[in-house]
Amino acid sequence: YPIAVPEEAVNELGYAALSDGRTAEAIALFRRNVESSPSSANAWDSLADGYAKAGRPEEAVKASDRAVELATKLDHPERDPIVEHNKKLRAGTRAP
């Protein structure tokens, strides 16, 4: 029987990989969370972090947009920081 790994545990592994410079591995872990928990604003926000760290700003903004949408729809307790993160990512993708 497959054993479900809690979203928080996968997220922690993703951020550990990200801080160790294993960006591709981190993105794979964050994607796993998004696939297993598609309604999780936190999972989408973490995926946005992975894409941003990988220098993939357009994908980071798309993932962050989804995080904001879910956080707003579900009245997520961390909605304000998720929205602020989205604003920062969007500001970073503007042409100088």
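Residues numbered from 1 in each chain as written. Predicted model: local features only at pLDDT ≥ 70, side-chain atom pairs only at ≥ 80, totals over all residues. Heavy atoms only, no water.

Asks: Even after reading the chapter, I still don't get the packing of helix 1 (residues 7-19) against helix 3 (residues 41-53), so can you show me in this structure?
Replies: A pair of packed helices is characterised by two quantities: the angle between their axes and the separation of those axes. Put simply, helix 1 and helix 3 touch, their axes get as near as 11 Å, and they point 10° apart. In terms of orientation, helix 1 and helix 3 fall into the roughly parallel class. Residues E7, N11, Y15 and L18 of helix 1 lie in contact with helix 3, whose contacting residues are N42, A43, S46, D49, G50 and K53. Along the lines of polarity and charge, the residues of the contact of helix 1 with helix 3 split into three nonpolar, four polar and three charged. (Axes fitted to C-alpha atoms, helices over the stretch in contact; angles between N-to-C directions. Helix = DSSP H or I, 4+ residues; strand = E, 2+ residues; numbered from the N terminus. Parallel < 35°, antiparallel > 145°, perpendicular 65-115°, else oblique. Contact = heavy atoms within 4.5 Å. Nonpolar A, V, L, I, M, F, W, Y, C, P; charged D, E, K, R; others polar.)

Asks: Can you walk me through helix 2 (residues 23-36) in this structure?
Replies: In an α-helix, one full turn covers 3.6 residues, which means residues spaced three or four apart are oriented alike. Along its 14 residues, helix 2 runs 20 Å from first to last C-alpha, staying within 8% of the 20 Å computed at 1.5 Å per residue. Those residues of helix 2 not exposed but buried are T23, A26, I27, L29, F30, N33 and V34. Projected onto a plane normal to the axis of helix 2, the buried residues spread over an arc of 160° and lie on a single side. Summarising the geometry of helix 2, the exposed residues directed more than 90 degrees from the buried face are A24, E35 and S36. Structurally, helix 2 contributes buried residues whose contacts are with helix 1 and helix 3. (Expected span 1.5 Å × (residues − 1). Buried < 20%, exposed > 50% of the residue type's maximum accessible area, 1.4 Å probe, protein only. Arc of directions from axis to C-beta.)

So far we have only geometry, and geometry alone does not tell us how the molecule works.
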